[in-house]
Amino acid sequence: MNTKRIVLFASGSGSNVENIVNYFNDETHITVTAVFTNKRDAKVIDRCNRLNISALFFNKHAFINSDCVLEMVKALKPDLIVLAGFLWKIPENLINAFPNSIINIHPALLPKYGGKGMYGMRVHQAVKDNHEIETGITIHYVNSNYDEGAIIHQAKTIVTKEDSPESIAEKVHQLEYEHFPKVIEQLLKG
Ligand code: GAR
């Protein structure tokens, strides 16, 4: 059986990256090949150093105005590209080169709380402000509009009056750690 290759994109802390890398460490047929980041000082780079994973930084020009990132990703021959806390819109050249092979995780129950500018704590603050009684995660395919691709998997958690945006974020992260690697595994094995 050929080894399946995952390429990750991340912009921030990278706790999902670390969780995914650890999950597939014991898996001989699935491997995380590299992590691409658009933030030179992102904490995810420290995590990659610690985990012995290649971290590759790129700027906006390489991503949007050239085929530079596209060619680097293509060279790695990924079976799946996974956005794990990545905050830039994916350009058409990548979407066209990897049809149905790019997935994203969003920290809410889409179509609620999605779209441009809705990421990280902003999402959890909006959930709190709107007195939602539940929130969750959405794992979906990526198309050229923010958070609009076909939904692959959702999972829910309750929100109580006592919850703060921070405690909501914590609950959502726990769901992400539990579900995201399993969904990736199913897609690669399916
Ligand atoms: C995650 O909660 C992820 O769902 C969210 O960013 C966080 C990254 O956390 N993604 C978005 O908001 C995308 N719109 P991490 O860096 O600790 O994995």
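Okay, so let's go over this structure. Here the structure is a predicted model, which is why all the values come from computation and not from measurement.

Our focus in this paragraph is the overall build of the protein chain. Regarding its fold elements, the protein chain presents 7 helices and 7 strands. Along its sequence from the N terminus, the protein chain presents helices and strands in the succession β-α-β-α-β-α-α-β-α-β-α-β-β-α. Computed over the C-alpha atoms, the radius of gyration of the protein chain is 16 Å, within 12% of the 16 Å expected from 2.2 N^0.38 for a compact globule of 190 residues. In the protein chain, buried positions account for 48% of the 190 residues. Taking the intrachain contacts of the protein chain between residues at least 6 apart in sequence as the baseline, contacts between residues at least 24 apart amount to 68%. Carbon and sulfur atoms form 49% of the exposed surface of the protein chain, whose accessible area is close to 9,700 Å².

Here we take up the site of the ligand. By nearness alone, 13 residues border the ligand, and Gly14, Ser15, Asn16, Gly120 and Glu176 come closest of all. Take Asn16: an N or O atom from its main chain is 2.9 Å from an oxygen atom of the ligand. Take Glu176: an N or O atom from its side chain is 2.4 Å from an oxygen atom of the ligand. The fraction of the free accessible surface of the ligand (450 Å²) that becomes covered by protein chains is 91%. Mapping the ligand onto the cavity grids shows that it belongs to the largest pocket. Looking at the shell around the ligand, the elements that each hand over two or more residues are helix 1 (15–25), strand 5 (102–106) and helix 7 (165–189). Within the shell around the ligand, the residues separate by chemical class into 4 nonpolar, 8 polar and 1 charged.

Here we take up the pairing of strand 5. Within strand 5, 5 of the 5 residues are buried, which leaves the element mostly enclosed by the surrounding structure. Of the two faces of strand 5, the one holding Ile102, Asn104 and His106 and the one holding Ile103 and Ile105 are both buried throughout. Across 3 bridges, strand 4 (residues 80–83) lies against strand 5 in parallel orientation. Note that in strand 5 the partner of Val82 across the bridge is Ile103. What joins strand 4 to strand 5 is helix 5 (residues 92–97), and the crossover it makes is right-handed. Of the strand pairs in this sheet, strand 5 and strand 6 (residues 134–141) are connected by 4 bridges, and their pairing is antiparallel. What sits directly across from His106, in strand 6, is Thr138.

Rules and cut-offs
Starting afresh in each chain, residues are numbered from 1 along the sequence in its written order. Local features are withheld for residues below a pLDDT of 70 in this predicted model, meaning they are given only at 70 or higher, and side-chain atom pairs are given and counted only at 80 or more; totals for whole chains, interfaces and linings count all residues. As a rule here, side-chain values cover all heavy atoms of the structure and leave hydrogens and water aside. A run of DSSP states H or I qualifies as a helix once it reaches four residues; a run of E qualifies as a strand once it reaches two. Both are numbered from the N-terminal end. Computation of the radius of gyration draws on C-alpha atoms, with the globule rule given as 2.2 Å multiplied by the number of residues to the power 0.38. Think of it in three bands: residues with accessible area under 20% of the maximum for their type are buried, residues over 50% are exposed, and the middle band is partly exposed, with areas taken using a 1.4 Å probe on protein chains only. In this analysis, two residues are considered to be in contact whenever any of their non-hydrogen atoms come within 4.5 Å of each other. Note on areas: these come from Shrake-Rupley sampling with a 1.4 Å probe, and a residue is covered only by the protein chains present in the view. Throughout, near means a residue has at least one heavy atom within 4 Å of the molecule or strand. As used in this structure description, the phrase polar contact means that two N or O atoms lie within 3.5 Å; if the pair is within protein, one of them must be able to donate a hydrogen and the other to accept it, and residues adjacent in sequence are counted only when both atoms belong to side chains. In this analysis the probe radius is 1.4 Å and the grid spacing 1 Å, with only protein atoms considered; a cavity is a set of points the probe fits into but cannot get out of, a pocket is an open set with protein on both sides within 12 Å along at least five of seven lines, and lining residues have an atom within 4 Å of a point. The way we define it, a molecule is inside a pocket or cavity when more than half of its atoms are within 2 Å of that pocket's grid points. Side-chain classes follow a simple rule in which Ala, Val, Leu, Ile, Met, Phe, Trp, Tyr, Cys and Pro form the nonpolar group, Asp, Glu, Lys and Arg form the charged group, and the remainder, Gly included, forms the polar group. Pairing between strands is defined by DSSP: at least two bridges between the two strands are required. Clockwise travel from the first strand over the helix to the second, with the strands pointing away from the viewer, marks a crossover as right-handed.

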